[in-house]
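Here are the chains, one letter per residue:
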Amino acid sequence: MFSVNENFLLLNESYLFSTISKKVAQFTATHPDANIIRLGIGDVTQPLTPSVISAIHKAVDEMAVKETFRGYGPEQGYDFLLEAIAENDFKAFGIDISPSEIFVSDGAKSDVGNIVDILGRNNKVAVTDPVYPVYVDTNLMNLADRDQLIMLPCTAENDFLPQLPSEKVDVIYLCYPNNPTGTVMKKEELKRWVDYALENQSLILFDAAYEAYITEKDIPHSIYEIEGAQMCAIEFRSYSKNAGFTGVRCSYTVVPEALKVKSSNGIEIKLNRLWFRRQSTKFNGTAYIVQRAAEAIYSSEGKKEIRGLVDYYMENAKTIREALTQKGWTVFGGTNSPYIWLKCPNTDDSWQFFDQLLTECHIVGTPGQGFGACGEGFFRLTAFNTHEKTREAMERILAWNIG
Ligand code: MLT
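My aim in this report is to walk through the structure given alongside it, one point at a time. In this text, all values refer to a predicted model and were calculated from it rather than measured experimentally.

Rules and cut-offs
Residues numbered from 1 in each chain as written. Predicted model: local features only at pLDDT ≥ 70, side-chain atom pairs only at ≥ 80, totals over all residues. Heavy atoms only, no water. Near = heavy atom within 4 Å. Polar contact = N/O pair within 3.5 Å; in protein donor to acceptor, adjacent residues only side chain to side chain. Areas by Shrake-Rupley, 256 points an atom, 1.4 Å probe, with all protein chains shown as cover. Domains from an automatic or database assignment. Salt bridge = Lys/Arg side-chain N within 4 Å of Asp/Glu carboxyl O. Helix = DSSP H or I, 4+ residues; strand = E, 2+ residues; numbered from the N terminus. Buried < 20%, exposed > 50% of the residue type's maximum accessible area, 1.4 Å probe, protein only. Axes fitted to C-alpha atoms, helices over the stretch in contact; angles between N-to-C directions. Parallel < 35°, antiparallel > 145°, perpendicular 65-115°, else oblique. Contact = heavy atoms within 4.5 Å. Nonpolar A, V, L, I, M, F, W, Y, C, P; charged D, E, K, R; others polar. Core = buried A, V, L, I, M, F, W, Y, C linked by side-chain atoms within 4.5 Å. Pairing = 2+ DSSP bridges.

1. Some remarks on the site of the ligand
What surrounds the ligand is the set Phe-17, Ile-41, Gly-42, Lys-109, Tyr-132, Asn-179, Tyr-210, Lys-241, Tyr-339 and Arg-380. The side chain of Tyr-132 places a nitrogen or oxygen atom 2.5 Å from an oxygen atom of the ligand. Arg-380 places a polar side-chain atom, nitrogen or oxygen, 2.7 Å from an oxygen atom of the ligand. Contact with the protein chains removes 86% of the 260 Å² of surface that the ligand exposes when unbound. Two domains each provide a minimum of three residues to the shell around the ligand, namely domain 1 (7–47 + 301–398) and domain 2 (50–298).

This is the structure:
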(Lines give C-alpha, C1' and ligand atoms only; values in the text may rest on other atoms or scores of the structure.)
Protein backbone atom coordinates (compact mmCIF):
# COMPACT_ATOMS: atom_id res chain seq x y z
CA MET A 1 0.00 0.00 0.00
CA PHE A 2 1.27 3.47 -0.77
CA SER A 3 1.76 5.93 2.04
CA VAL A 4 1.10 9.65 2.29
CA ASN A 5 2.89 12.51 3.95
CA GLU A 6 1.28 12.03 7.35
CA ASN A 7 2.51 15.43 8.43
CA PHE A 8 -0.66 16.69 6.73
CA LEU A 9 -2.57 15.04 9.56
CA LEU A 10 -0.96 17.55 11.93
CA LEU A 11 -2.76 20.42 10.21
CA ASN A 12 -6.07 21.96 11.20
CA GLU A 13 -8.98 20.49 9.28
CA SER A 14 -9.09 23.50 6.97
CA TYR A 15 -7.06 26.63 6.15
CA LEU A 16 -8.16 29.63 8.25
CA PHE A 17 -9.65 31.69 5.43
CA SER A 18 -11.43 28.65 3.96
CA THR A 19 -13.06 28.03 7.35
CA ILE A 20 -14.19 31.64 7.47
CA SER A 21 -15.65 31.59 3.94
CA LYS A 22 -17.52 28.42 4.81
CA LYS A 23 -19.00 29.98 7.95
CA VAL A 24 -20.02 33.10 6.01
CA ALA A 25 -21.57 30.98 3.24
CA GLN A 26 -23.59 29.07 5.86
CA PHE A 27 -24.80 32.32 7.38
CA THR A 28 -25.78 33.87 4.05
CA ALA A 29 -27.64 30.69 3.04
CA THR A 30 -29.91 31.10 6.06
CA HIS A 31 -29.98 34.95 5.93
CA PRO A 32 -30.13 35.73 2.20
CA ASP A 33 -31.12 39.37 2.83
CA ALA A 34 -28.21 40.16 5.15
CA ASN A 35 -25.98 42.90 3.71
CA ILE A 36 -22.64 41.39 4.66
CA ILE A 37 -19.56 43.62 4.84
CA ARG A 38 -16.31 41.72 4.47
CA LEU A 39 -13.37 42.93 6.52
CA GLY A 40 -11.94 39.42 6.87
CA ILE A 41 -9.39 38.17 4.35
CA GLY A 42 -7.01 40.86 3.10
CA ASP A 43 -8.42 40.93 -0.40
CA VAL A 44 -8.45 44.20 -2.32
CA THR A 45 -11.56 45.86 -3.77
CA GLN A 46 -10.22 48.62 -6.04
CA PRO A 47 -9.72 47.86 -9.75
CA LEU A 48 -6.33 47.62 -11.42
CA THR A 49 -4.93 51.03 -12.29
CA PRO A 50 -4.86 52.55 -15.84
CA SER A 51 -1.13 51.93 -16.42
CA VAL A 52 -1.50 48.30 -15.47
CA ILE A 53 -4.58 47.82 -17.63
CA SER A 54 -2.96 49.38 -20.68
CA ALA A 55 0.17 47.23 -20.20
CA ILE A 56 -2.05 44.15 -20.05
CA HIS A 57 -3.91 45.15 -23.23
CA LYS A 58 -0.65 45.77 -25.02
CA ALA A 59 0.77 42.42 -23.92
CA VAL A 60 -2.40 40.62 -25.00
CA ASP A 61 -2.05 42.22 -28.45
CA GLU A 62 1.56 41.04 -28.64
CA MET A 63 0.41 37.51 -27.91
CA ALA A 64 -1.98 37.72 -30.88
CA VAL A 65 0.81 38.33 -33.40
CA LYS A 66 3.26 35.68 -34.60
CA GLU A 67 6.30 37.97 -34.37
CA THR A 68 5.69 39.01 -30.77
CA PHE A 69 3.96 35.91 -29.42
CA ARG A 70 5.72 34.33 -26.40
CA GLY A 71 5.69 30.76 -25.19
CA TYR A 72 7.59 29.55 -22.14
CA GLY A 73 9.52 32.39 -20.57
CA PRO A 74 12.54 32.33 -18.26
CA GLU A 75 11.42 30.63 -15.02
CA GLN A 76 13.04 33.34 -12.94
CA GLY A 77 11.21 36.18 -14.71
CA TYR A 78 11.81 38.37 -17.78
CA ASP A 79 14.79 40.73 -17.64
CA PHE A 80 12.55 43.79 -18.14
CA LEU A 81 10.82 43.08 -14.81
CA LEU A 82 13.90 41.87 -12.91
CA GLU A 83 15.73 45.05 -13.91
CA ALA A 84 12.78 47.29 -12.99
CA ILE A 85 12.62 45.65 -9.55
CA ALA A 86 16.37 45.91 -8.89
CA GLU A 87 16.35 49.55 -9.93
CA ASN A 88 13.15 50.80 -8.27
CA ASP A 89 12.70 48.66 -5.18
CA PHE A 90 16.36 48.41 -4.19
CA LYS A 91 18.90 50.64 -5.97
CA ALA A 92 16.64 53.69 -5.49
CA PHE A 93 16.93 53.02 -1.73
CA GLY A 94 20.69 52.49 -1.78
CA ILE A 95 20.44 48.68 -1.73
CA ASP A 96 22.52 46.66 -4.13
CA ILE A 97 20.41 43.72 -5.36
CA SER A 98 21.11 42.40 -8.84
CA PRO A 99 18.51 40.92 -11.22
CA SER A 100 20.05 37.46 -10.78
CA GLU A 101 19.12 37.61 -7.10
CA ILE A 102 15.42 38.19 -7.87
CA PHE A 103 12.88 35.47 -8.69
CA VAL A 104 9.49 36.52 -10.05
CA SER A 105 6.63 34.28 -9.08
CA ASP A 106 2.87 33.97 -8.81
CA GLY A 107 2.45 35.04 -5.21
CA ALA A 108 4.25 35.52 -1.93
CA LYS A 109 2.05 32.83 -0.36
CA SER A 110 3.39 30.29 -2.87
CA ASP A 111 7.01 31.28 -2.32
CA VAL A 112 6.76 31.51 1.46
CA GLY A 113 5.26 28.02 1.38
CA ASN A 114 7.54 26.52 -1.25
CA ILE A 115 10.75 27.78 0.33
CA VAL A 116 10.65 24.83 2.74
CA ASP A 117 11.58 22.62 -0.25
CA ILE A 118 15.17 23.89 -0.07
CA LEU A 119 15.44 23.73 3.74
CA GLY A 120 16.40 20.74 5.86
CA ARG A 121 13.70 18.81 7.70
CA ASN A 122 15.61 18.93 10.97
CA ASN A 123 15.84 22.68 11.34
CA LYS A 124 14.50 24.40 14.42
CA VAL A 125 12.06 26.94 13.03
CA ALA A 126 10.79 29.98 14.92
CA VAL A 127 7.59 31.81 14.06
CA THR A 128 5.82 34.58 15.91
CA ASP A 129 2.50 33.89 17.60
CA PRO A 130 0.11 35.24 16.30
CA VAL A 131 1.31 34.53 12.77
CA TYR A 132 0.26 34.26 9.12
CA PRO A 133 -0.85 30.59 9.18
CA VAL A 134 1.01 29.64 5.98
CA TYR A 135 4.38 29.67 7.78
CA VAL A 136 3.12 27.21 10.39
CA ASP A 137 1.22 24.90 8.06
CA THR A 138 3.99 24.61 5.46
CA ASN A 139 6.51 23.81 8.17
CA LEU A 140 4.25 21.22 9.72
CA MET A 141 4.08 19.65 6.26
CA ASN A 142 7.87 19.54 6.05
CA LEU A 143 9.52 19.19 9.45
CA ALA A 144 10.61 15.84 10.83
CA ASP A 145 8.97 16.61 14.18
CA ARG A 146 6.43 19.25 15.09
CA ASP A 147 8.42 20.07 18.25
CA GLN A 148 10.99 21.71 15.97
CA LEU A 149 8.50 24.53 15.46
CA ILE A 150 9.04 27.17 18.11
CA MET A 151 6.49 29.88 18.81
CA LEU A 152 7.65 33.35 19.80
CA PRO A 153 4.80 34.93 21.77
CA CYS A 154 3.77 38.45 20.76
CA THR A 155 1.44 40.05 23.25
CA ALA A 156 0.09 43.48 24.08
CA GLU A 157 2.67 43.56 26.92
CA ASN A 158 5.58 43.35 24.44
CA ASP A 159 3.86 45.59 21.82
CA PHE A 160 3.34 42.46 19.72
CA LEU A 161 7.06 42.25 18.99
CA PRO A 162 8.83 38.93 19.57
CA GLN A 163 11.78 38.52 21.92
CA LEU A 164 14.94 36.99 20.47
CA PRO A 165 14.71 33.19 20.90
CA SER A 166 16.15 31.93 24.17
CA GLU A 167 17.43 28.79 22.40
CA LYS A 168 19.35 28.60 19.13
CA VAL A 169 17.02 28.43 16.15
CA ASP A 170 17.95 27.76 12.54
CA VAL A 171 15.17 29.51 10.64
CA ILE A 172 13.14 32.56 11.68
CA TYR A 173 10.05 33.91 9.94
CA LEU A 174 9.49 37.65 10.34
CA CYS A 175 6.68 39.62 8.69
CA TYR A 176 6.82 43.41 9.01
CA PRO A 177 4.59 45.37 8.76
CA ASN A 178 2.99 42.47 10.53
CA ASN A 179 0.13 40.33 9.46
CA PRO A 180 -2.05 40.05 11.57
CA THR A 181 -1.19 42.62 14.27
CA GLY A 182 -0.29 45.55 11.99
CA THR A 183 2.77 46.33 14.10
CA VAL A 184 6.17 47.31 12.67
CA MET A 185 9.81 46.76 13.53
CA LYS A 186 12.06 49.77 13.68
CA LYS A 187 15.48 49.57 12.07
CA GLU A 188 17.25 49.14 15.39
CA GLU A 189 14.94 46.27 16.35
CA LEU A 190 15.33 44.48 13.01
CA LYS A 191 19.10 44.87 13.33
CA ARG A 192 19.00 42.80 16.54
CA TRP A 193 17.45 39.96 14.52
CA VAL A 194 19.98 40.24 11.72
CA ASP A 195 22.79 40.23 14.29
CA TYR A 196 21.25 37.20 15.98
CA ALA A 197 21.00 35.38 12.63
CA LEU A 198 24.59 36.19 11.68
CA GLU A 199 25.88 35.09 15.07
CA ASN A 200 23.90 31.85 15.13
CA GLN A 201 24.16 31.08 11.40
CA SER A 202 20.38 31.21 11.16
CA LEU A 203 18.26 32.10 8.16
CA ILE A 204 15.65 34.88 8.32
CA LEU A 205 12.65 34.56 5.99
CA PHE A 206 11.44 38.14 5.79
CA ASP A 207 7.94 38.69 4.48
CA ALA A 208 7.68 42.31 3.31
CA ALA A 209 4.31 41.96 1.54
CA TYR A 210 2.96 45.04 3.32
CA GLU A 211 5.98 47.38 3.02
CA ALA A 212 4.04 49.87 0.84
CA TYR A 213 1.86 50.66 3.85
CA ILE A 214 4.70 52.07 5.95
CA THR A 215 4.02 55.72 6.67
CA GLU A 216 6.52 56.45 9.46
CA LYS A 217 10.24 57.08 9.19
CA ASP A 218 12.92 54.73 10.51
CA ILE A 219 10.91 51.64 9.63
CA PRO A 220 12.74 49.45 7.11
CA HIS A 221 10.91 48.62 3.89
CA SER A 222 13.43 45.88 3.16
CA ILE A 223 15.53 43.76 5.49
CA TYR A 224 18.47 44.54 3.22
CA GLU A 225 18.50 48.05 4.67
CA ILE A 226 20.25 46.35 7.58
CA GLU A 227 23.94 45.67 7.17
CA GLY A 228 24.78 41.99 6.84
CA ALA A 229 21.21 40.96 5.95
CA GLN A 230 22.25 39.73 2.52
CA MET A 231 24.25 37.02 4.28
CA CYS A 232 21.32 35.76 6.36
CA ALA A 233 17.97 36.68 4.83
CA ILE A 234 15.56 35.89 2.02
CA GLU A 235 12.92 38.54 1.34
CA PHE A 236 9.43 38.05 -0.09
CA ARG A 237 7.57 40.85 -1.84
CA SER A 238 4.09 40.91 -3.33
CA TYR A 239 2.12 43.03 -5.80
CA SER A 240 -1.15 41.86 -4.28
CA LYS A 241 -1.61 44.50 -1.65
CA ASN A 242 0.13 47.51 -3.21
CA ALA A 243 -1.03 47.14 -6.83
CA GLY A 244 -4.20 45.12 -6.25
CA PHE A 245 -2.87 41.97 -7.91
CA THR A 246 -4.64 39.45 -5.66
CA GLY A 247 -6.43 38.09 -8.73
CA VAL A 248 -3.61 38.78 -11.21
CA ARG A 249 -0.95 36.88 -9.22
CA CYS A 250 2.58 38.26 -9.21
CA SER A 251 5.27 38.58 -6.57
CA TYR A 252 8.99 38.13 -6.21
CA THR A 253 11.54 36.67 -3.85
CA VAL A 254 15.08 37.88 -3.29
CA VAL A 255 17.75 35.28 -2.58
CA PRO A 256 21.09 37.10 -2.37
CA GLU A 257 24.25 35.55 -3.81
CA ALA A 258 25.92 36.17 -0.46
CA LEU A 259 23.53 33.82 1.32
CA LYS A 260 25.47 30.62 1.84
CA VAL A 261 25.43 27.59 4.09
CA LYS A 262 27.70 24.55 4.55
CA SER A 263 26.35 21.14 3.55
CA SER A 264 26.73 18.22 5.97
CA ASN A 265 30.01 17.29 4.21
CA GLY A 266 31.37 20.81 4.42
CA ILE A 267 30.67 22.04 0.90
CA GLU A 268 29.57 25.65 0.57
CA ILE A 269 26.08 25.98 -0.91
CA LYS A 270 24.48 29.12 -2.30
CA LEU A 271 20.77 29.28 -1.54
CA ASN A 272 20.31 31.28 -4.75
CA ARG A 273 21.37 28.20 -6.75
CA LEU A 274 19.06 25.91 -4.80
CA TRP A 275 16.06 28.18 -5.24
CA PHE A 276 16.85 28.55 -8.94
CA ARG A 277 17.00 24.77 -9.22
CA ARG A 278 13.75 24.39 -7.31
CA GLN A 279 11.90 26.99 -9.35
CA SER A 280 13.18 25.86 -12.73
CA THR A 281 12.10 22.30 -11.92
CA LYS A 282 8.70 22.92 -10.37
CA PHE A 283 7.59 26.27 -11.78
CA ASN A 284 7.23 27.46 -15.37
CA GLY A 285 7.35 31.16 -14.64
CA THR A 286 4.76 33.89 -14.26
CA ALA A 287 2.71 34.72 -17.36
CA TYR A 288 4.30 37.25 -19.73
CA ILE A 289 1.13 39.39 -19.66
CA VAL A 290 1.23 39.50 -15.87
CA GLN A 291 4.92 40.44 -15.79
CA ARG A 292 4.21 43.33 -18.20
CA ALA A 293 1.44 44.40 -15.81
CA ALA A 294 3.90 44.36 -12.91
CA GLU A 295 6.49 46.29 -14.91
CA ALA A 296 3.90 49.05 -15.50
CA ILE A 297 3.71 49.92 -11.81
CA TYR A 298 7.34 51.12 -11.98
CA SER A 299 6.57 53.81 -14.60
CA SER A 300 6.18 57.29 -13.16
CA GLU A 301 2.39 57.20 -13.72
CA GLY A 302 2.23 53.67 -12.35
CA LYS A 303 4.03 54.71 -9.17
CA LYS A 304 1.54 57.55 -8.59
CA GLU A 305 -1.40 55.24 -9.18
CA ILE A 306 -0.10 52.64 -6.75
CA ARG A 307 0.46 55.33 -4.13
CA GLY A 308 -3.17 56.33 -4.70
CA LEU A 309 -4.36 52.77 -4.04
CA VAL A 310 -2.37 52.46 -0.83
CA ASP A 311 -3.60 55.89 0.35
CA TYR A 312 -7.16 54.83 -0.41
CA TYR A 313 -6.90 51.79 1.85
CA MET A 314 -5.04 53.72 4.52
CA GLU A 315 -7.96 56.11 4.73
CA ASN A 316 -10.11 53.08 5.60
CA ALA A 317 -7.57 52.06 8.23
CA LYS A 318 -7.94 55.52 9.79
CA THR A 319 -11.74 55.29 9.64
CA ILE A 320 -11.61 51.94 11.44
CA ARG A 321 -9.09 53.02 14.06
CA GLU A 322 -10.99 56.20 14.87
CA ALA A 323 -14.40 54.53 15.09
CA LEU A 324 -13.19 51.71 17.31
CA THR A 325 -11.31 54.11 19.55
CA GLN A 326 -14.47 56.22 19.82
CA LYS A 327 -16.32 53.04 20.79
CA GLY A 328 -13.80 52.62 23.59
CA TRP A 329 -12.18 49.47 22.17
CA THR A 330 -8.44 48.83 22.34
CA VAL A 331 -6.85 48.92 18.88
CA PHE A 332 -3.38 48.27 17.48
CA GLY A 333 -1.95 48.57 13.96
CA GLY A 334 -3.58 50.43 11.10
CA THR A 335 -0.91 53.17 11.02
CA ASN A 336 1.74 51.45 8.90
CA SER A 337 -0.43 48.57 7.85
CA PRO A 338 -3.81 47.75 6.30
CA TYR A 339 -4.67 45.57 9.31
CA ILE A 340 -6.30 46.72 12.53
CA TRP A 341 -5.86 44.40 15.47
CA LEU A 342 -8.31 44.87 18.30
CA LYS A 343 -8.95 43.38 21.67
CA CYS A 344 -12.31 41.62 21.66
CA PRO A 345 -14.33 44.00 23.84
CA ASN A 346 -16.59 41.53 25.60
CA THR A 347 -15.01 38.09 25.48
CA ASP A 348 -11.72 36.22 25.39
CA ASP A 349 -13.12 33.87 22.78
CA SER A 350 -12.36 35.40 19.37
CA TRP A 351 -14.48 32.86 17.45
CA GLN A 352 -17.41 33.80 19.67
CA PHE A 353 -16.77 37.46 18.80
CA PHE A 354 -16.56 36.48 15.11
CA ASP A 355 -20.01 34.84 15.32
CA GLN A 356 -21.49 37.76 17.23
CA LEU A 357 -20.14 40.38 14.81
CA LEU A 358 -21.41 38.33 11.87
CA THR A 359 -24.87 37.61 13.23
CA GLU A 360 -25.56 40.97 14.89
CA CYS A 361 -23.71 43.44 12.61
CA HIS A 362 -23.32 41.35 9.44
CA ILE A 363 -19.62 42.13 9.43
CA VAL A 364 -16.91 39.53 8.70
CA GLY A 365 -13.53 39.79 10.41
CA THR A 366 -10.84 37.30 11.35
CA PRO A 367 -10.62 35.80 14.85
CA GLY A 368 -7.19 36.20 16.42
CA GLN A 369 -7.17 32.58 17.53
CA GLY A 370 -6.91 31.59 13.86
CA PHE A 371 -3.43 33.15 13.84
CA GLY A 372 -2.24 31.26 16.92
CA ALA A 373 -2.85 30.77 20.63
CA CYS A 374 -1.51 34.25 21.51
CA GLY A 375 -4.06 35.74 19.12
CA GLU A 376 -6.90 34.48 21.29
CA GLY A 377 -8.97 37.33 22.67
CA PHE A 378 -8.04 39.53 19.68
CA PHE A 379 -9.60 40.16 16.29
CA ARG A 380 -8.38 41.45 12.90
CA LEU A 381 -10.18 43.82 10.54
CA THR A 382 -8.83 44.77 7.14
CA ALA A 383 -8.83 48.16 5.46
CA PHE A 384 -9.23 46.63 1.98
CA ASN A 385 -12.94 47.20 1.49
CA THR A 386 -14.38 50.34 -0.13
CA HIS A 387 -14.71 53.67 1.70
CA GLU A 388 -18.49 53.35 1.64
CA LYS A 389 -18.63 49.84 3.08
CA THR A 390 -15.92 50.53 5.63
CA ARG A 391 -17.79 53.59 6.88
CA GLU A 392 -21.04 51.66 6.99
CA ALA A 393 -19.38 48.86 8.94
CA MET A 394 -18.10 51.36 11.48
CA GLU A 395 -21.54 52.99 11.77
CA ARG A 396 -22.98 49.57 12.53
CA ILE A 397 -20.36 48.95 15.20
CA LEU A 398 -20.83 52.38 16.75
CA ALA A 399 -24.60 51.77 16.97
CA TRP A 400 -24.11 48.21 18.25
CA ASN A 401 -25.47 47.46 21.66
CA ILE A 402 -23.01 44.71 22.34
CA GLY A 403 -24.37 42.13 24.79
C1 MLT B 1 -4.66 37.71 4.86
O2 MLT B 1 -5.83 38.08 4.91
O3 MLT B 1 -3.99 37.40 5.85
C4 MLT B 1 -4.02 37.67 3.52
O5 MLT B 1 -4.87 38.16 2.55
C6 MLT B 1 -3.69 36.32 3.16
C7 MLT B 1 -2.77 36.28 2.00
O8 MLT B 1 -2.27 37.29 1.53
O9 MLT B 1 -2.54 35.16 1.57
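2. Quick look at the pattern of salt bridges
When their charged atoms lie close together, side chains carrying opposite charge are able to pair. Tallied over the full model, the rule gives 19 salt bridges. For Lys-191, the salt bridge is made with Asp-195, and the minimal N-O distance between the two is 2.7 Å. Taken together, the residues Lys-191 and Asp-195, both in helix α6 (residues 187–200) and four residues apart, mark about one turn of the helix. Taking the relative accessible area as the measure of exposure, Lys-191 reaches 42% and is therefore partly exposed. Judged by relative accessible area, which is 30%, Asp-195 ranks as partly exposed. The shortest N-O distance in the salt bridge between Lys-318 and Glu-322 comes to 3.6 Å. With Lys-318 and Glu-322 both in helix α10 (residues 300–326) and four residues apart, the pair spans about one turn of that helix.

3. Re the packing of α10 against helix α12 (residues 387–399)
Interaxial distance between α10 and α12 falls to 10 Å at its minimum, and their mutual angle equals 5 degrees. With respect to their mutual orientation, α10 and α12 come out roughly parallel. Facing α10, whose interface residues are Tyr-312, Glu-315, Asn-316, Thr-319, Ile-320, Ala-323, Leu-324 and Gln-326, α12 presents His-387, Glu-388, Thr-390, Arg-391, Met-394, Ile-397 and Leu-398. By residue class, the composition of the contact of α10 with α12 is seven nonpolar, five polar and three charged.

4. Some points on the nonpolar core
Among the nonpolar cores identified, the biggest contains 78 residues, and Tyr-173, Leu-205, Ile-234, Leu-324, Leu-357, Leu-381 and Met-394 are the most heavily contacted of them. No other element matches the eight residues that α10 contributes to this core. Structurally, this core is a two-domain feature, drawing no fewer than three residues from each of domain 1 (7–47 + 301–398) and domain 2 (50–298). Residues in contact with Ile-234, not counting those within four places in the same chain, are Ile-115, Leu-203, Ile-204, Leu-205, Phe-206, Tyr-224, Thr-253, Val-254, Val-255, Leu-259 and Leu-271. Listed in part, the 52 residues of the second largest apolar core include Ala-59, Ile-150, Leu-161 and Val-169.

5. A short note on the environment of Gly-370
Mapped onto the secondary structure, Gly-370 falls in the loop between β14 (366–367) and β15 (378–382). Along the sequence, Gly-370 and Ile-20 sit 350 residues apart, while their C-alpha atoms lie 9.7 Å from each other. Apart from residues no more than four positions distant in its own chain, Gly-370 is found in contact with Leu-16, Pro-133 and Trp-351.

6. Regarding the sheet that holds strand β6 (residues 203–207)
Overall, mixed pairing links the seven strands, which are arranged β2-β8-β7-β6-β5-β3-β4 in an open sheet. For this open sheet the edge positions go to β2 (102–105) and β4 (149–153), each flanked by a neighbour on one side alone. Pairwise comparison of adjacent strand axes, ignoring direction, gives a mean angle of 20 degrees for this sheet. Direction of pairing for β2 relative to strand β8 (residues 251–254): antiparallel, over a ladder of four bridges. Bridge pairing links Ile-102 to Val-254 in β8. Against the sheet, helix α3 (residues 79–90) contacts β2, β7 (233–238) and β8, and its axis sits at roughly 115 degrees relative to β2.

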